Amino acid sequence: MNIKTVERDYEAARQWYAFRDVDTEKAFETLASVSLSVHCWQGDDVGGFEKSDAGPQGGGLQVTGEAPGKARTIEELQSDLALALSLIPGKHRVNLHAMYGDFRGRPADRDALEPEHFASWAEWAAERGLSLDFNATCFSHPLAGSGFTLSHPDRAVRDFWIEHVKRCREISASFGRRQGSPCLHNLWIPDGAKETPTDRWSPRERLRESLDEIFSPTHDPSLMKDSLESKLFGIGSESYVVGSHEFYFGYALGRGKMLCLDLGHFHPTESVADKVSAILLFFPELALHLSRGVRWDSDHVVVQTEALRDLASELTLDGRLGRVRLALDYFDASLNRVAAWVIGARAVLQALLQALLAPSRSLRALEAAGDRTGWLVLRETSKSWPCGAVWDAYCLRKDVPPSDMWLEQVRSYEAHVLDRRT
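Everything numeric here is computed off the predicted structure, so don't read it as measured data.

K.L.:
What is the right way to read the packing of helix α2 (residues 24–32) against helix α13 (residues 387–397) from this model?
P.N.:
Each pair of packed helices can be described by the angle between their axes along with the distance between the axes. Put simply, α2 and α13 touch, their axes get as near as 11 Å, and they point 55° apart. Viewed along their axes, α2 and α13 adopt a mutual orientation that is oblique. For the pair α2 and α13, the sense of crossing is right-handed. In contact with Thr24, Glu25, Phe28, Leu31 and Ala32 of α2, α13 contributes Val390, Trp391, Ala393, Tyr394 and Arg397. The class makeup of the residues in the contact of α2 with α13 is seven nonpolar, one polar and two charged.

K.L.:
How should the pairing of strand β9 (residues 286–290) be read in this particular structure?
P.N.:
Within a regular strand, the side chains alternate between the two sheet faces. A large share of β9 lies buried, amounting to five of its five residues. Covered by surrounding structure in β9 are Leu286, Leu288 and Leu290 together with Ala287 and His289, the residues of both alternating faces. As judged from the four bridges shared by strand β8 (residues 258–262) and β9, these two strands associate in the parallel manner. Residue Leu259 lies in a different strand from β9, and its bridge partner there is Leu286. In this view, the connection linking β8 to its parallel neighbour β9 by way of helix α8 (residues 272–280) has right-handed handedness. Of the pairings in the sheet, the one linking β9 to strand β10 (residues 324–328) comprises five bridges and is parallel in character. In the strand pairing of β10, Leu288 is matched with Leu326. The handedness of the β9 to β10 crossover, carried by helix α9 (residues 306–315), is right-handed.

K.L.:
So what exactly am I meant to see when it comes to the nonpolar core here?
P.N.:
Across soluble globular proteins, nonpolar side chains show a tendency to be buried alongside one another. In terms of nonpolar packing, the biggest core is built from 126 residues, with Trp121, Leu150, Leu211, Leu288 and Leu326 touching the most fellow members. Top contributing element to this core by residue count: helix α10 (residues 337–356), with 14 residues. When residues no more than four places from it in sequence are discounted, the contact partners of Leu288 are Leu261, Val272, Leu311, Leu315, Val324, Arg325, Leu326 and Ala327.

K.L.:
It is not clear to me how the confidence of the model for the protein chain should be interpreted in this structure. Could you clarify?
P.N.:
Detailed reading of predicted coordinates is not advised where the pLDDT is low. On average, residues of the protein chain score 95 in pLDDT, and 98% of them are at 70 or above. Scored below 50 in pLDDT, residues 53–59 makes 14 contacts in the model with residues more than four places away or belonging to other chains.

Cut-off values and rules
Residues numbered from 1 in each chain as written. Predicted model: local features only at pLDDT ≥ 70, side-chain atom pairs only at ≥ 80, totals over all residues. Heavy atoms only, no water. Axes fitted to C-alpha atoms, helices over the stretch in contact; angles between N-to-C directions. Helix = DSSP H or I, 4+ residues; strand = E, 2+ residues; numbered from the N terminus. Parallel < 35°, antiparallel > 145°, perpendicular 65-115°, else oblique. Left-handed = near helix turned anticlockwise from the far one by under 90°. Contact = heavy atoms within 4.5 Å. Nonpolar A, V, L, I, M, F, W, Y, C, P; charged D, E, K, R; others polar. Buried < 20%, exposed > 50% of the residue type's maximum accessible area, 1.4 Å probe, protein only. Pairing = 2+ DSSP bridges. Right-handed = clockwise from strand over helix to strand, strands pointing away. Core = buried A, V, L, I, M, F, W, Y, C linked by side-chain atoms within 4.5 Å. pLDDT = per-residue confidence, 0-100.

Below, the structure written as C-alpha cells:
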C-alpha cells in the first residue's frame, strides 16, 4: 500500500459518502478532537515500580500470558509508551497508577506519596507535549489483603487509604497545574466479599464516610477532576461489591463527582452504551474505561466488537464526545504489549470514525417518520460502506502508518529491544 493508493481510495470513498450526505472531512475534524488516555499498566502487567514487599495482588487483578519484553523500569515503560503513541493517530494522554512512581532512593509507602515521586513522569510528558491522568492504587498492598480498604472495619486501615487517595488527588492537581489541562483522578477499590455478608449496609456507610473525608479538601477543577469507578464483581468479591454502580451513581450525583463506567465491569448482557444518554441527562461529564470482557471482567485487548461500535454510535451523537473522558483499561501479556496498546487504541478510534460516518441525519428522519423498514435497511447497509479507505487516509494525515503497516515497526522494536530484556 502506498500514499497514492490511499489517496485514490479516499477520494472515491469521500464521494461515496458525500452522495449519502456524510462529510468525511468533518468526521476527520471531530475525530482529531478525541484524546484517549493510554494506560501505563499494560506495559508491565500491572507490576509498578515500588519494589517493596507489597505482597500478592488482590481485588480481581489477574494478568495472563508470558510474552517477552515486559517493561522493568520507568525508562523502559516510557520507551514502550512512546512507540505505541507514535503509531496511534491523534494527540493522546497517558494514564498512571500511583504504584508507578519514581521511588529510586526515595522509598515511600502509599500514604506518604508526594508530587516529587512523579516528577520524572511530568518532565517526560512535558517534553512530548503529553498530558497525564492518575489513579490511586488501592490494591497489591498488605493493607488491601483482606479485600477491604476504604470500607475496612478497622479505622486505622481506613485512615491509611484515605490518606493515600488524598495524596493522589494532590499529585493529580500538580499534574494539571503543570500541563495546563485538568488531570482526571479515578478511584477504584477492590472492596467486597466472596460470600454475601449479612450486613451489606455498614461497609457502604463506611465507604461513604471515607469518600466524604477524601473529598473534603477541594481542588480547582481546571487542575483536576474526580471520577468514581464501580464494578459488578471481582476475584474474591464475587458475591458482594461495596462500590457498586448504584452506590457510586448516588454518591457522584449527590456530591458533584464524575462516574466512571468500565465496559468490563457489568454483566455481559448489560449495554454500557445504553447507560450513556441516561447518565448525561444528570451529569455534566462521564468517564469511560474501555476494556473487553470475555464471559467475565477479563480485561482483553479492545477490538471492534458490537458493544464498542454501539458505544461509539452513542458517543458521537449530539456533541456527547466533548462531555466524555475516554481511557483504555486492559492488560494482556499473551501478546506483544506495545502492539496491545496500538490495537486497542486504533480499534476505539476506528469505531468512532465509523460512527461519525454513519448517515445519522437520514436515520433520524426515517425513525421520526416511523419508517422502521427503511431505517433498518439503511442502518445495516451502511455498515459495509468504505470506512476503511477513510481510516487509512486519516492515519496518513496524522503521520502514522495506515492499515496494518504499523506492525513492521513493532516487530523491529521487538527484535532489537523487547527480546533483549531478561
